[in-house]
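Chain by chain, the residues:
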Amino acid sequence: GFIFLFSLVFRPVHRDSTFTTIQYFNPTKFVKRVILKDGTKISLRQGARVAVISDFDRDSLRKVVLSGEAFFEVAKDPNKAFLVVNSGDFDVRVLGTAFNLACTAQQTRLVLNHGKVQVKHGDQHSVISPGQQVDYDPRQKQFSVVAIDTSAASNWKSDFLSFNEVPLSQIVDDLNNLYPAYNLELIYSFQTKSFTGYLPASDLEKSLK
């Protein structure tokens with residue numbers, strides 16, 4: 001359950017008293033944007049949490065932990081790699097790039113917009129290029145890399161709800177997650193229809209129209 005995931009991702013970090021782990025959390029239905037000390041920009045999706053677990057000034061690596069989904073625009077620093085660790089099925093290592101990363105109990109998925117990243121699971125490594133999506137297949141025990149539309153994967157950070165050949169029932173479920181107080185219901189005859197497009201996630205009236 002969630003409690004187990006939380007304890008796994010945010011286990012205590014034992015460091016000297018001069019550094020305190022910095023955490024950012026987005027409890028809202030909208031996108032929260034934060035800028036880290038090194039200039040790295042992070043867009044946090046609803047329910048996402050990121051923790052900075054290293055001192056960017058003193059340590060040789062810039063380390064963060066992610067729970068949920070976020071879009072990273074990592075500030076370039078060739079002397080200090082940026083790592084997303086202990087966050088899902090694999091760790092992510094970059095020097096300066098932009099990527100979308102989702103770390104949930106069901107799946108860890110990365111989509112690379114530009115630059116290059118290295119993902120690591122145990123002794124396995126894979127280098128991802130722009131326009132590719134990677135996840136880890138536990139059954140095959142290997143990375144799965146496919147080409148993908150990067151703009152569709154990260155449209156949520158512009159407050160868009162994107163979908164590609166998605167049943168209308170799933171779109172309504174997504175709107176209900178954004179607006180739980182309205183409890184939208186779907187007319188049965190439309191449930192099998194699938195749609196592709198975008199909806200303004202921050203404007204329910206426009207989405208319904």
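To be clear, the structure that these remarks concern was listed above.
Quick caveat: nothing in here was measured; it's all calculated off a predicted structure.

Definitions and cut-offs
- Residues numbered from 1 in each chain as written.
- Predicted model: local features only at pLDDT ≥ 70, side-chain atom pairs only at ≥ 80, totals over all residues.
- Heavy atoms only, no water.
- Helix = DSSP H or I, 4+ residues; strand = E, 2+ residues; numbered from the N terminus.
- Buried < 20%, exposed > 50% of the residue type's maximum accessible area, 1.4 Å probe, protein only.
- Contact = heavy atoms within 4.5 Å.
- Areas by Shrake-Rupley, 256 points an atom, 1.4 Å probe, with all protein chains shown as cover.
- 1 Å grid on protein atoms, 1.4 Å probe; cavity = no way out; pocket = protein on both sides within 12 Å on 5 of 7 lines; lining within 4 Å.
- Points joined across faces, edges and corners; volume = space filled by probe spheres on them.
- Nonpolar A, V, L, I, M, F, W, Y, C, P; charged D, E, K, R; others polar.
- Salt bridge = Lys/Arg side-chain N within 4 Å of Asp/Glu carboxyl O.

Caption draft 1: Highlighting the overall build of the chain. In terms of helices and strands, the chain carries four helices and 15 strands. Burial status across the chain gives 42% buried among its 209 residues. Partitioning the intrachain contacts of the chain with sequence separation of at least 6 by distance along the chain shows that 44% fall at a separation of at least 24. For the chain, the accessible surface area stands at approximately 12,000 Å², while carbon and sulfur atoms represent 51% of it.

Caption draft 2: A look at the layout of surface pockets. Here the largest pocket is characterised by a volume of approximately 590 Å³. Lining the largest pocket are 25 residues, and of these Arg-45, Gln-46, Gly-47, Glu-69 and Asn-177 sit closest to its centre. Listed by contribution, the elements that provide at least two residues to the lining of the largest pocket are α1 (2–9), β5 (62–73), β8 (98–103), β14 (160–167) and α3 (168–178). Classifying every residue of the lining of the largest pocket by side-chain character gives twelve nonpolar, seven polar and six charged.

Caption draft 3: Spatial organisation of the pattern of salt bridges. A full pass over the atoms with the stated rule returns five salt bridges. Residues Asp-57 and Lys-37 are paired through a salt bridge, measuring 2.5 Å at the closest nitrogen-oxygen approach. With a gap of 20 residues between them, Asp-57 in the loop between β4 (49–52) and β5 and Lys-37 in the loop between β2 (32–35) and β3 (41–44) connect regions that are remote in the sequence. Where Arg-62 meets Asp-38, a salt bridge forms, and the shortest distance between an N and an O atom there is 2.5 Å. Within this pair, whereas Arg-62 is found in strand β5, its partner Asp-38 is found in the loop between β2 and β3, the two being separated by 24 residues in sequence.

Caption draft 4: Geometry of the environment of Ala-147. Along the chain, Ala-147 falls in strand β13 (residues 142–147). The exposed category is assigned to Ala-147, whose relative accessible area is 70%. Residues Ala-147 and Gln-132, 15 residues apart in the sequence, show an inter-C-alpha distance of 4.4 Å. Ala-147 has contacts with Gly-131 and Gln-132, leaving out every residue within four places of it along the chain.

Nothing here speaks to function; it is geometry throughout.
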